[in-house]
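Notes for the structure review
Here are the chains, one letter per residue:
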Amino acid sequence: ARGQRKMMARALLLFVTLGVHAAELPKFADFPAAPTKVERYAKAVVPDIHDGSRCLRDLHYDRPDAPNFADRFTLFLTGCGSGCAEFCLIDRVSGKVFPGFTVGGAPKLEFSRDSRMVVVRHTDGMYGDLNPFFADCYVWEKDRFRFLGRWATTFGDAQKKKVIDWAPVIAIEPNAPSWSSR
């Protein structure tokens, strides 16, 4: 059943991608965060959650780095060693940690300190020139990420150094948070 759903989702992706005109991704400037001065960078206060999260495990090695996302947060990224990554946010004022996502398909995250948006570019695990390549966009809202949408192109077009013609697509199962802070 799951394999059929995945096949139907890919067919829908192809149908929607071919039937929609090119679109641009949302702009970082549309989700501003005015950077403020953080006097002292707080170390991550690791939640007492034992669910196998690689990000939670690696947070024990956190160095209080300067904020790099949405004013006062550090986006903390760790890999799984086989083409996936998990990230979370650390509030550098309080040390509180917020869950991000685990993403497969060799993800590349784009973000900045003066914006609340994160763009996660990734494949579906396949790397042929005609395989889909996605950009999932999320915006940080107080204590969680809100999914803005998914755009697609082909892996081959994404690798070329040119303006990418993105097409909006329907995301059946966008990424869920890495853990719950119960």
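Residues numbered from 1 in each chain as written. Predicted model: local features only at pLDDT ≥ 70, side-chain atom pairs only at ≥ 80, totals over all residues. Heavy atoms only, no water.

1. Points about the sheet that holds strand β8 (residues 167-169)
The strand order across the open sheet formed by 5 strands is β4-β5-β6-β7-β8, and the pairing between neighbours is antiparallel. Sheet topology places β4 (108-110) and β8 at the edges, where each strand pairs with a single neighbour. In this sheet, neighbouring strand axes are inclined to one another by 30° on average, regardless of whether the strands run parallel or antiparallel. Taken together, the 7 bridges between strand β5 (residues 117-123) and strand β6 (residues 132-141) define a ladder with antiparallel strand orientation. When the sheet's bridge partners are listed, His122 is paired in β6 with Phe134. (Pairing = 2+ DSSP bridges. Helix = DSSP H or I, 4+ residues; strand = E, 2+ residues; numbered from the N terminus. Axes fitted to C-alpha atoms, helices over the stretch in contact; angles between N-to-C directions.)

2. Section: the packing of aromatic side chains
A complete count under the given rule lists 13 aromatic pairs for this structure. Each ring, one from Phe87 and one from Phe101, has its centre 5.6 Å from the other, and the planes form 80°; the classification is edge-to-face. Linking Phe87 in strand β2 (residues 85-91) with Phe101 in strand β3 (residues 97-103), this pair joins segments that are 14 residues apart in sequence. By relative accessible area, Phe87 is classed as buried at 1%. (Phe/Tyr/Trp six-rings, centres within 6.5 Å; stacked < 30°, edge-to-face > 60°. Buried < 20%, exposed > 50% of the residue type's maximum accessible area, 1.4 Å probe, protein only.)

3. With respect to the confidence of the model for the protein
When pLDDT is averaged across the protein, the result is 82; 81% of the residues are at 70 or more. Ignoring residues within four places in sequence, the model shows residues 14-20, a span with pLDDT below 50, making 7 contacts including any to other chains. (pLDDT = per-residue confidence, 0-100. Contact = heavy atoms within 4.5 Å.)

4. Looking at the nonpolar core
By size, the foremost hydrophobic cluster in this structure holds 16 residues, and its most contacted members are Phe69, Phe73, Leu75, Leu89, Val118, Trp140 and Phe145. Filtering out sequence-adjacent residues up to four positions away, Phe69 remains in contact with Leu75, Leu89, Phe111, Ser112, Arg113, Ser115, Arg116, Met117, Val118, Trp140 and Phe145. Of all hydrophobic cores here, the second largest spans 13 residues; its members include Met117, Phe133, Ala135 and Ile164. (Core = buried A, V, L, I, M, F, W, Y, C linked by side-chain atoms within 4.5 Å.)

5. Focus: the pattern of salt bridges
Applying the stated criterion across every chain yields a total of 11 salt bridges. The salt bridge involving Arg57 is made with Asp58; its shortest N-O contact spans 2.8 Å. Asp65 is the partner of Arg63 in a salt bridge, and the nearest nitrogen-oxygen pair spans 3.5 Å. Residue classification places Arg63 among the exposed positions, given a relative accessible area of 58%. (Salt bridge = Lys/Arg side-chain N within 4 Å of Asp/Glu carboxyl O.)

6. So, the environment of Tyr61
Within the element layout of this structure, Tyr61 appears in the loop between α2 (54-58) and β1 (73-79). The class for Tyr61 is exposed, based on a relative accessible area of 68%. Residues Tyr61 and Ala44, spaced 17 residues apart in sequence, show a C-alpha to C-alpha distance of 9.2 Å.

7. Here's the deal with the side chain of Arg121
Along the chain, Arg121 falls in strand β5. For Arg121, a relative accessible area of 16% gives the class buried. Among the polar contacts made by the side chain of Arg121, one reaches the side chain of Glu110 at a distance of 2.6 Å. (Polar contact = N/O pair within 3.5 Å; in protein donor to acceptor, adjacent residues only side chain to side chain.)

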